Amino acid sequence: MQNKKKLLIFDFDGTLFDSIRYLSEAEVNAVNEMGWNPITLDFARKTIGLSLSVIYEQVSGDKSLSKLQDFTDRFNKYFFARAKEAGYFDGIEEMLASLKEKGFILTIATGKGRASLDRLDKMLGFDKYFDFNICPSESEPKPSPQMVNKLLRKYDLRPEDAVVIGDSEHDLKMAQNAGVDTVAVSYGAMSRKELEQYHPTKIVNTVQELQRTLEALK
């Protein structure tokens, strides 16, 4: 990454929030309750980052989304029963405070629905760090570049002024579709080896390495 960056676009689950296990279990349990063909935890892990409507279509085969609300309710029931056990990855809050102090624009682009993200904000209070966040209900879901493009327009910036930070192929494809650099984190949903297949600009293994990488972009 040659250019200095102004806009940092973070994925949420698996990048900031240590929730991969609980999301995967919630998806498996919701699918079982719906009576569909069972899925594995590994399958569920690889869908994290997608919107629930996209996940629903993949696991049910129902393109009409006729039971999406039922699936969403069951998923959220299981996830929020365990979400209080999760939290930021160690070092995330210190990193965000430092990045904000250095003058970066901090944003979130997530596959989570608005109601779920707002509920987690009440638990975590992440609004004190972030200037803006965007969800699939306000844009096309990942891997569409629309969330990134909307953020660039909001702040009147060019693709080379931004970087996307994420832990999954969905984050990387979204950024690449928008022509934006990427920092992939290997402590979330995907391993370093899995992430390498999607050619991120850089891969980091720890939050501390992520902080050093991002601070060097100012």
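Up top is the structure these notes are about.
Report follows, based on the coordinates. (Residues numbered from 1 in each chain as written. Predicted model: local features only at pLDDT ≥ 70, side-chain atom pairs only at ≥ 80, totals over all residues. Heavy atoms only, no water.)

### A word on the layout of surface pockets
Now for step 1: Empty space within the largest pocket amounts to approximately 450 Å³.
Now for step 2: Every residue lining the largest pocket is counted, 28 residues in all, and those nearest its centre are Ser51, Leu52, Gly111, Lys112 and Gly113.
Now for step 3: Listed by contribution, the elements that provide at least two residues to the lining of the largest pocket are helix H1 (20-34), helix H3 (52-60), helix H4 (68-82) and helix H6 (114-124).
Now for step 4: The element contributing the most residues to the lining of the largest pocket is H4, with 7 residues.
Now for step 5: Within the lining of the largest pocket, the residues separate by chemical class into 11 nonpolar, 13 polar and 4 charged. (1 Å grid on protein atoms, 1.4 Å probe; cavity = no way out; pocket = protein on both sides within 12 Å on 5 of 7 lines; lining within 4 Å. Points joined across faces, edges and corners; volume = space filled by probe spheres on them. Helix = DSSP H or I, 4+ residues; strand = E, 2+ residues; numbered from the N terminus. Nonpolar A, V, L, I, M, F, W, Y, C, P; charged D, E, K, R; others polar.)

### Focus: the nonpolar core
Now for step 1: In terms of nonpolar packing, the biggest core is built from 62 residues, with Phe10, Phe71, Phe79 and Leu214 touching the most fellow members.
Now for step 2: When residues of this core are assigned to their parent elements, the largest contribution, 8 residues, is made by H1.
Now for step 3: Leaving out residues up to four positions away in the same chain, leucine 214 has contacts with Leu8, Phe10, Met95, Leu99, Phe104, Val163, Ile165 and Val183.
Now for step 4: One finds Leu152, Ala162, Val164 and Met174 within the second-largest nonpolar core, a separate group that totals 15 residues. (Core = buried A, V, L, I, M, F, W, Y, C linked by side-chain atoms within 4.5 Å. Buried < 20%, exposed > 50% of the residue type's maximum accessible area, 1.4 Å probe, protein only. Contact = heavy atoms within 4.5 Å.)

### Focus on the pattern of salt bridges
Now for step 1: Applying the stated rule across the entire model yields 22 salt bridges.
Now for step 2: For arginine 21, the salt bridge is made with glutamate 25, and the minimal N-O distance between the two is 3.4 Å. Residue arginine 21 and its partner glutamate 25 are located together in helix H1, separated by 4 residues, close to a single helical turn.
Now for step 3: Classification of glutamate 25 by relative accessible area gives partly exposed; the value is 23%.
Now for step 4: Residues glutamate 25 and arginine 82 are paired through a salt bridge, measuring 3.0 Å at the closest nitrogen-oxygen approach. Here arginine 82 lies in helix H4 and glutamate 25 lies in helix H1, a separation of 57 residues in the sequence.
Now for step 5: What you see here is one network of salt bridges that share partners, running through Arg21, Glu25, Arg82 and Glu85. (Salt bridge = Lys/Arg side-chain N within 4 Å of Asp/Glu carboxyl O.)

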